[in-house]
Amino acid sequence: MVRFRSFFLVLVFAMASNTSFGEEMPQTRSIFPLLERTPEDKFVVGEGRSYAMAWNSWVWNNFKDPIPVEMLPKAARSGGTTTSYIQNREAFSIPLANLDASLVRTFAFARHLFRKRWATGHSLENRTVTSVGITEGLGPTFNRSSCSGCHLKDGRGHPPRNPNEPMKAMIIRLSIPGVGINGGPLPHPEYGTQLQDNSIQEIPKEGRVTIRYKEIEGFFSDGQPYSLREPIYEFSEMSYGPMDGDVLYSPRVAPAMYGLGLLEAIPQSVIQAQSDPDDIDGDGISGRPNWVWDPIAQTRALGRFGWKANVANLHQQVASAAVGDIGITTSVFPNQNCLPAQTACLSAPQDSRPELDDIRLSRLIFYSRSLAVPAKRNLDKPEVRKGQLLFTESGCAACHTPNSKTGPAAAIPAISSQDIHPYTDLLLHDMGEGLADGRPDFEATGREWRTPPLWGIGLVHHVNLHRFFLHDGRARGMEEAILWHGGEAENSRNVFLTMAADDRAALLAFLKSL
């Protein structure tokens, strides 16, 4: 089977055959196959280059000096043989290193669609057909006009940097007390389950949320001060009445996209085997799965994705994000987010067919499954090795499980039977009152959150140009994120508080190497 590495292994070893490891090797211009032009790769007025030509330009301008995954130390391969070595600003946007070459065009198409801004309108006469099909149907209410609007460069979002800045990569989940259909949250009667802060012309946006922060001062055991910022949320410009006292809300920044296919491929039995809801082993950790409703299979399923593990699979995740964040309907969710009180939204023109057809939906699902995890870095540095030991000794690895393995029959053959290092158990854990949102989501309580994977966390600042962590981006760095840990993680937090300064620095250096 032809794979990426066969394309560039020849280049690497041909160049290296007369070159010692101490000499500088000549640069090459591509690590991925360029796409040959086909009749569908025509220039579109108003759009410019087709998705294939955009792919070729991206590859040509960003990647040099190919390194086959086999040359990476095994300890550095966070995603097994799917791991990417790229460390520039495109590090989260790389396809699986072992992806079959016949799938490159599909990846390039989906990559272009993921970044495409959807337009308003449903006029059959005036529709614009782009190289990735018709991309009209935005709204009527929405948060962002493209997938990449929240997941910039396939990485993680951040909260607004000041009260006047809109939420660009962050949403507010809503509900009221009670249990909704299929056991999920009960939607707010006027605003549903997600606040839409944008809308098309003549349709009122639902409202706006601003954030201000209160500083909480503290000290490490050695006297070094620290400060935590506690967010305070304010609703304003609400089109269908003010939020009453019963509303439950949960701020969520957009999570990173890379490695999702590998997490989806971990067998359910592996995840369940780590569960210990009654803390039978007495280690203070009582992780448990979130059992949710799978609208694809129409059955109860184990949740894997989302900050509270409230989504069962990537098919559901992509379809729910399309309608929830962009207002784009699919065969999975064929109805718009218009509540009974939203008469203008209900009267807006709508297409009887899904705005994102099943073929293009399947390609976005494929894209979500096939983004590679970046390799670990600086593994041989003494400080990093010391930090890794401290990470384990502090109990962090009890939830941020370093190792796992994907099943033998994954949705994409390239991710089958991979030894991976995601640093998550994909289980729910009580994180204490400080991080609680008070909003249940299926079986997750208001104090519980899914353990987020840590792979790639050290490149967030380089790729996404910020250092905001946790579900709502309140933490201004990894240190502050650790200090917000409570509940089951309180013992680990207390160990961190008592560490010497150089030990704290070593632990942070280890996290930055992931």
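Shown above is the structure to which this text applies.
The sections below set out a description of the structure shown in this document. (Residues numbered from 1 in each chain as written. Predicted model: local features only at pLDDT ≥ 70, side-chain atom pairs only at ≥ 80, totals over all residues. Heavy atoms only, no water.)

Below, the discussion takes up the packing of helix α7 (residues 314-326) against helix α9 (residues 358-369). Running from amino to carboxyl end, α7 crosses α9 at an angle of 120 degrees, the nearest separation of the two axes being 9 Å. Between α7 and α9 lies a crossing whose hand is right-handed. Every residue of α9 that contacts α7 at L314, H315, V318 and A319 is listed here: L361, L364, I365, S368 and R369. Along the lines of polarity and charge, the residues of the contact of α7 with α9 split into six nonpolar, two polar and one charged. (Axes fitted to C-alpha atoms, helices over the stretch in contact; angles between N-to-C directions. Helix = DSSP H or I, 4+ residues; strand = E, 2+ residues; numbered from the N terminus. Left-handed = near helix turned anticlockwise from the far one by under 90°. Contact = heavy atoms within 4.5 Å. Nonpolar A, V, L, I, M, F, W, Y, C, P; charged D, E, K, R; others polar.)

Moving on: α7. Every α-helix carries 3.6 residues per turn, so stepping three or four residues along brings you back to the same face. Relative to the 18 Å expected for 13 residues at 1.5 Å per residue, α7 spans 17 Å between its end C-alpha atoms, a close match to the ideal helical length. Listed in full, the buried residues belonging to α7 are L314, Q316, V318, A319, A322, V323, G324, D325 and I326. Where α7 is buried, its residues contact β3 (141-142), α4 (147-150), β4 (170-179), α5 (260-264), β10 (291-294) and α9. The distance from a side-chain oxygen at the start of α7 to the backbone nitrogen of H315 is 3.3 Å, and the residue carrying that oxygen is N313. Phi turns positive one or two residues past the end of α7, at G327, with a value near 80 degrees. (Expected span 1.5 Å × (residues − 1). Buried < 20%, exposed > 50% of the residue type's maximum accessible area, 1.4 Å probe, protein only. Polar contact = N/O pair within 3.5 Å; in protein donor to acceptor, adjacent residues only side chain to side chain.)

Taken in spatial order, the three strands line up as β5-β4-β9 in an open sheet, and their pairing is antiparallel. Of all the strands in the sheet, just β5 (185-186) and β9 (248-253) have a single pairing partner and so form its edges. Two elements, β4 and β5, share two bridges in a ladder whose sense is antiparallel. Bridge pairing in β5 places V179 opposite P185. (Pairing = 2+ DSSP bridges.)

This brings us to the environment of H421. Its place among the elements puts H421 in the loop between β13 (419-420) and β14 (428-430). Considered as a pair, H421 and V209 are 212 residues apart in the sequence and their alpha carbons are 37 Å apart. Once you skip the residues sitting within four places of it in the chain, H421 turns out to touch K74, R77, S78, K376, P402, N403 and W455.

With that out of the way, let us pick up the packing of aromatic side chains. Counted under the stated rule, the structure contains 14 aromatic pairs. Summarising the aromatic geometry, the rings of Y51 and F109 are spaced 5.1 Å apart at their centres and angled 75 degrees between planes, so their arrangement reads as edge-to-face. With Y51 in helix α2 (residues 51-62) and F109 in helix α3 (residues 104-115), the pair connects residues that are 58 residues apart, well separated along the chain. Overall, Y51 belongs to the buried group, its relative accessible area being 2%. Judged by centre distance (5.3 Å) and plane angle (50 degrees), the rings of W55 and W58 are tilted. Here the residue W55 and the residue W58 both occupy positions in helix α2, the gap between them amounting to three residues, near one helical turn. (Phe/Tyr/Trp six-rings, centres within 6.5 Å; stacked < 30°, edge-to-face > 60°.)

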